[in-house]
Amino acid sequence: MDIDWLTVFAQIVNFLVLVWLLQHFLYRPVIDAMDRREKRIADRLEEAQQREQTATQKARLYENKRFELEQSSKQRLQEAETAAQQHRVKLLEQSRDEIQQQRDQWQQQLQQEQQDYLRALRKNSVQAIQQTGRHILADLADTELEAQIIAVFLKRLTNMDDDLRQKLQNSASRVDISSAFDLDDATQNLITQIIHQQLNESATVKYKQSSDLVCGILLKAGDYQVSWNLENHLQMLDEQLQNALNGGTVSDA
Amino acid sequence: MNISPDSIILWEWKFLHINATMAFTWGIMVLLAGGSWLITRRLTSVAEIPRWQNMLEVIVTGIRDQIREVSRQEPGLYLPFVGTLFLFIVSANLMAIVPGFIAPTGSLSTTTALAICVFVAVPLFGIVHEGLRSYLKHYIHPTPLMLPFNIIGEFSRTIALAVRLYGNIMSGSIIIGILLSLTPFFFPIVMQLLGLITGVIQAYIFAILSMVYIASATAAQQIPSDKPEQSSHNPGNPKKTNTGETDGQS
């Protein structure tokens, strides 16, 4: 158990050299590498944390946006639905109005057509009745009827009211007598005589035959006239027929 | 029977000579430094690292953690010294399993050399940390009467370090030698295994005790919260530290 001091010295030197060698080749490189890796890991963690934060923020942002979008789309949908509903109601009303207008128009048209038709029917009926009456009376007209007509006319001339007589007297300087048939001289004299008696002694009486009068005789003095004419009766018939048909039309409508 | 590698002289010139202790020490140095260089020349700092680099990192991290645990200080300054002590001793002891290799730690010269290194390193670290005056105050702590005992303690623990390691390794070698002559089969293998365990434990004890001595010399630099506990450390009373038990087992 002896100590070789040379060996001791050599081993001290060896040990110190080994310390230097290991410090140079082992401890420093390994610790540096570990520090670098730790720093890198820490950096990465920090980066990951930052990314996560950013991601979280973005996610929150997008969530909010999505929510807003959803809300706005809901609102828009509601608005669109409301607008569509309103539009539908409006269109319905519009079409209803149009239909109503068309119906009114159509009814008016129909009414008009009905009235026109009735008017035409009326006119034709009246004309037909009138023509029939005319034909009948023309066929029946003979001397006896004419004498009867003249008698009636003379009676009417004699029995006219005072007011008319006064007006006729005032304008009786010239009296025109129109008749549907030809008057013989005796009749003309009789008429002239009665006119002279009833109206004016100096009145000038002119006679003429007129085909306008269907069957009758007409005295005209100035603006006034006295007559018996089948035309009057036919006109009255016409009026009555018209009234009757109008009443029927009203009740039909 | 003399199995100290000091006695095997390989080369001699006047009073200078090269013996097996030196040669094997150089071998270990080449192995450690060369291996480290081979691995650390291609270090990466990416997440996926080569397994050799991983092994080195485990070793270095383990040593750093042990130093931090014992000294309650940052291991940066002590790592080269204490780490090299441990790595040198443990590799020398483990290499003993190679046939023909005689562990240089089985030589009292080697263990003395290492103990002297520790003997010098302790006050050096203490002075670097606290300053000369503050360090020297440790020797008259708690009273100046303790000065001779503290100085004796400095020397005795150095001798204890040297002799403990030498004794364990040398005895292991001698036991194996004796057993080989008595029962050539099986038992020597068991003892060889036991020798490996003893070698690793002795390396650990040597390194840890060194660290404890250094830590006690640099007690002023300790973390404040640990001060009451650590203040009991002094150069003459290392057994009060948390490695006192380990020391007792040795």
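Everything numeric here is computed off the predicted structure, so don't read it as measured data.

1. Thoughts on the packing of helix H2 (residues 51-71) of chain B against helix H7 (residues 187-217) of chain B
All names here are of chain B.
Line of reasoning, step 1. Relative orientation of the contacting elements H2 and H7 amounts to 45°, with a least axis distance of 9 Å. What the angle tells us is that H2 and H7 run oblique. You can see that H2 and H7 cross each other, and the crossing is right-handed. Taken together, the residues of H7 that come into contact with H2 (itself represented by Gln66, Ile67, Val70 and Ser71) are Tyr204, Ile208, Met211, Val212 and Ala215.

2. Some thoughts on the interface of chain A and chain B
Quoted interface sizes are often the accessible area lost when the parts come together.
Line of reasoning, step 1. Taken together, the contact pairs 30 residues of chain A with 45 residues of chain B.
Line of reasoning, step 2. Here chain A packs against chain B, burying approximately 3,400 Å² in sum over the two surfaces, 75% of which is carbon and sulfur.
Line of reasoning, step 3. Interface area lost by chain A to chain B is led by Phe15, Tyr27 and Arg37 of chain A, which between them contribute 19%.
Line of reasoning, step 4. Our count for the chain A to chain B interface comes out at one salt bridge.
Line of reasoning, step 5. In this structure, Arg37 of chain A engages Glu57 of chain B in a salt bridge whose closest nitrogen and oxygen atoms are separated by 2.3 Å.
Line of reasoning, step 6. Across the contact surface, chain A and chain B share ten residue pairs in polar contact (both at pLDDT 80 or more).
Line of reasoning, step 7. Residues belonging to the side of chain A that touches chain B are distributed by class as follows: 21 nonpolar, four polar and five charged.

3. Considerations on the sheet that holds strand E3 (residues 216-221) of chain A
Residue and element names in this part refer to chain A.
Line of reasoning, step 1. Spatially, E2-E1-E3-E4 is the arrangement adopted by the four strands of the open sheet, whose pairing is mixed. The open sheet has two edge strands with one neighbour each: strand E2 (204-209) and strand E4 (224-229). Sheet twist, expressed as the mean angle between neighbouring strand axes with direction ignored, is 15°.
Line of reasoning, step 2. Pairing analysis gives four bridges linking strand E1 (residues 174-179) to E3, with the strands arranged antiparallel. Its bridge partner lying in E3, Ser179 is registered against Ile217.

4. Some words on the side chain of Gln53 of chain B
Line of reasoning, step 1. Of note, Gln53 of chain B is situated in helix H2.
Line of reasoning, step 2. One polar contact links the side chain of Gln53 of chain B to the main-chain carbonyl oxygen of Thr44 of chain B, over a distance of 3.0 Å.
Line of reasoning, step 3. With near-sequence residues (within four places) excluded, Gln53 of chain B lies in contact with Ala33 and Arg37 of chain A together with Ile39, Arg42, Leu43 and Thr44 of chain B.

5. Regarding the confidence of the model for chain A
Residues and elements named next belong to chain A.
Line of reasoning, step 1. Confidence in the prediction for chain A averages 84 pLDDT; 93% of positions are at 70 or higher.
Line of reasoning, step 2. Summarising per-element confidence for chain A, the mean pLDDT is lowest in helix H5 (residues 230-252) (67) and highest in helix H1 (residues 5-140) (89).
Line of reasoning, step 3. Low pLDDT, under 50, characterises residues 249-253; the predicted model gives this stretch two contacts beyond four residues in sequence or across chains.

Calculation notes
- Residues numbered from 1 in each chain as written.
- Chains lettered and ligands numbered in written order.
- Predicted model: local features only at pLDDT ≥ 70, side-chain atom pairs only at ≥ 80, totals over all residues.
- Heavy atoms only, no water.
- Axes fitted to C-alpha atoms, helices over the stretch in contact; angles between N-to-C directions.
- Helix = DSSP H or I, 4+ residues; strand = E, 2+ residues; numbered from the N terminus.
- Parallel < 35°, antiparallel > 145°, perpendicular 65-115°, else oblique.
- Left-handed = near helix turned anticlockwise from the far one by under 90°.
- Contact = heavy atoms within 4.5 Å.
- Buried area = accessible area lost by both parts, 1.4 Å probe.
- Salt bridge = Lys/Arg side-chain N within 4 Å of Asp/Glu carboxyl O.
- Polar contact = N/O pair within 3.5 Å; in protein donor to acceptor, adjacent residues only side chain to side chain.
- Nonpolar A, V, L, I, M, F, W, Y, C, P; charged D, E, K, R; others polar.
- Pairing = 2+ DSSP bridges.
- pLDDT = per-residue confidence, 0-100.

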